[in-house]
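Each chain, letter by letter, is given below.
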Amino acid sequence: MADKTFTLQIISPTRIFFDEEVDMVEMRTTEGEIGVLAGHIPLTAIVEPGVVKIHQEGKVREAALLDGFVEIRGNKVTVLAEACEWPDEIDVHRAEEAKLRAERRIGSGEKQVDMVRAELALKKALTRINLVSTLDK
């Protein structure tokens, strides 16, 4: 059974978010959604804001994964993330405010607005809001 699992490590600047054996992990990259099982080919990819789904012993845990890189090598997957949060760590009110700020910047039409940064802020806010709202249902 051990050959069906691999080590998943998710590290952010402030903490080791996750470091355990898992059956599968799913996340969004710039190339699209990926699912990783034990024995996956070596790969390095850029992680986009989205929900990471961690499959472990028949259960699935979800967290907001906000930007970073993933390296798949051997029997280990390492994610270096800007931030990663469990749903109960998300301040929905703060995420809603961030969403509104980003939408205002995008819709302002001002030339000095960094659109890439504003769109990224919007993706992060929506990831947090959507993760919490799907769990409330």
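Quick look at the structure, then. Please read these numbers as outputs of a predicted model, since none were measured by experiment.

This part covers the pairing of strand β8 (residues 76-85). Most of β8 sits inside the fold, with 7 of its 10 residues counted as buried. Sheet topology note: the strand β1 (residues 6-12)/β8 ladder contains 5 bridges and is parallel. When the sheet's bridge partners are listed, I11 is paired in β8 with L80. Two strands pair when backbone bridges link them, and strand β7 (residues 59-73) and β8 are joined in this way by 9 bridges, in the antiparallel orientation. From the neighbouring strand, R73 faces β8, where its bridge partner is K76. In textbook terms, the turn of a hairpin is the stretch between consecutive antiparallel strands, and for β7 and β8 this stretch comprises 2 residues, one of which, G74, has a positive phi near 60°.

Right, let's get into the pairing of strand β3 (residues 24-29). The side-chain alternation of β3 yields one buried face, formed by V25, M27 and T29, and one unburied face, formed by M24, E26 and R28. Counted along the chain from β3 to the antiparallel partner strand β4 (residues 32-37), the turn is 2 residues long. Strand direction decides the pairing type here: β3 and strand β6 (residues 50-56), joined by 3 bridges, are antiparallel. Within the sheet, the bridge partner assigned to E26 lies in β6 and is K53.

Space inside the largest pocket adds up to approximately 270 Å³. Residue lining of the largest pocket: 15 residues in total, with R94, A95, A98, R101 and R128 positioned closest to the centre. Breaking the lining of the largest pocket down by element, the ones donating at least two residues are β8, α1 (92-107) and α2 (115-136). Class assignment for the residues of the lining of the largest pocket results in 7 nonpolar, no polar and 8 charged.

With that out of the way, let us pick up the nonpolar core. Among the nonpolar cores identified, the biggest contains 23 residues, and L8, I10, M27, I54, L65 and V79 are the most heavily contacted of them. Sorting the residues of this core by element identifies β1, β2 (15-22), β3, β4, β5 (43-47), β6, β7 and β8 as the ones contributing at least two each. Among residues more than four places away in sequence, those in contact with I10 are R15, I16, F17, F18, I54, L65, V79, A81 and C84.

This brings us to the side chain of T5. With respect to the secondary-structure elements, T5 resides in the segment before β1. Within polar-contact distance, the side chain of T5 engages the side chain of E21 at 3.1 Å. Beyond its immediate sequence surroundings of up to four residues, T5 is in contact with E21, V22, D23, A38 and N75.

This part takes up unusual backbone geometry. One non-glycine residue, E57, adopts positive backbone phi at about 50°. Structurally, E57 can be placed in the loop between β6 and β7. Despite not being glycine, D67 has its phi angle at roughly 70°, a positive value. Along the chain, D67 falls in strand β7. Residue D67 is classed as buried on the basis of its relative accessible area, which comes to 14%.

Let's shift gears to the side chain of T29. Counting through the fold element by element, T29 comes out in strand β3. On the basis of relative accessible area, T29 is assigned to the buried category, the value being 2%. From its side chain, T29 meets the backbone oxygen of G32 in a polar contact 2.8 Å long. Filtering out sequence-adjacent residues up to four positions away, T29 remains in contact with I34, A45, I46, V47 and E48.

Cut-off values and rules
- Residues numbered from 1 in each chain as written.
- Predicted model: local features only at pLDDT ≥ 70, side-chain atom pairs only at ≥ 80, totals over all residues.
- Heavy atoms only, no water.
- Buried < 20%, exposed > 50% of the residue type's maximum accessible area, 1.4 Å probe, protein only.
- Helix = DSSP H or I, 4+ residues; strand = E, 2+ residues; numbered from the N terminus.
- Pairing = 2+ DSSP bridges.
- 1 Å grid on protein atoms, 1.4 Å probe; cavity = no way out; pocket = protein on both sides within 12 Å on 5 of 7 lines; lining within 4 Å.
- Points joined across faces, edges and corners; volume = space filled by probe spheres on them.
- Nonpolar A, V, L, I, M, F, W, Y, C, P; charged D, E, K, R; others polar.
- Core = buried A, V, L, I, M, F, W, Y, C linked by side-chain atoms within 4.5 Å.
- Contact = heavy atoms within 4.5 Å.
- Polar contact = N/O pair within 3.5 Å; in protein donor to acceptor, adjacent residues only side chain to side chain.

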